[in-house]
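Structural description and commentary
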Amino acid sequence: MEDCLFCKIAAGEIPSKKLYEDDQVVAFYDIAPQAKVHFLVIPKKHISSAAALTEADGALLGHVFAVIAKLAKEQGLDNGYRVISNVGEDAGQTVKHLHFHVLGGEKLPV
Ligand code: AMP
Ligand code: ZN
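Residues numbered from 1 in each chain as written. Chains lettered and ligands numbered in written order. Predicted model: local features only at pLDDT ≥ 70, side-chain atom pairs only at ≥ 80, totals over all residues. Heavy atoms only, no water.

- Looking up the protein in an unreviewed UniProt entry gives the name Histidine triad nucleotide-binding protein, with the organism given as Faecalibacterium prausnitzii.

Things to note about the site of ligand 1
- Surveying the vicinity of ligand 1 reveals 16 residues, the closest of which are Asp30, Asn86, Thr94, His99 and His101.
- At 3.1 Å, a backbone N or O of glycine 92 approaches an oxygen atom of ligand 1.
- Calculation on ligand 1 without its partners gives an accessible area of 510 Å², and the protein chains cover 83% of this total.
- Of all the secondary-structure elements, those providing two or more residues to the shell around ligand 1 are α1 (5–10) and β2 (25–29).
- In terms of residue count, the dominant contributor to the shell around ligand 1 is α1 (three residues).
- Residue composition of the shell around ligand 1, by class: nine nonpolar, six polar and one charged. (Near = heavy atom within 4 Å. Polar contact = N/O pair within 3.5 Å; in protein donor to acceptor, adjacent residues only side chain to side chain. Areas by Shrake-Rupley, 256 points an atom, 1.4 Å probe, with all protein chains shown as cover. Helix = DSSP H or I, 4+ residues; strand = E, 2+ residues; numbered from the N terminus. Nonpolar A, V, L, I, M, F, W, Y, C, P; charged D, E, K, R; others polar.)

Topic: a nonpolar patch on the surface
- A cluster of nonpolar side chains, contributed by Phe65, Tyr81 and Val83, occupies part of the molecular surface with about 240 Å² of accessible area.
- Relative to the helices and strands, tyrosine 81 resides in strand β4 (residues 81–84). (Patch = residues over 30% accessible without salt bridge, like charges linked within 9 Å, V, L, I, M, F, W, Y side chains within 5 Å. Salt bridge = Lys/Arg side-chain N within 4 Å of Asp/Glu carboxyl O.)

This is the structure:
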């Protein structure tokens, strides 16, 4: 999608510190980390938020969470981590392309 920051990151048009990439997803470090470890996992396909997901996205979502589990292990988040996806204004979603924050590496505030 034109003028979408995360579509541009997925396409490599805007640089990012990537941890992982395959044909369906990209993972990269958040530019403004909120925890010792903070990365984002996004589908390459433009989906505006979790509110736009349908049953047809089930396999993609399963893949996203399998990638998150693999990366969390690689990052040493054995003591736990948090996965967050903000949806819309009230949640503070600033980038309108579905993304999953993965936060960890320390005790997170409740
Ligand atoms: P949200 O507020 O849930 O929409 O999250 C958007 C996240 O994207 C924020 O945590 C930002 O710090 C992060 N972000 C914005 N621009 C970039 C970028 N160019 N590279 C990496 N992370 C970014
Ligand atoms: Zn997009």
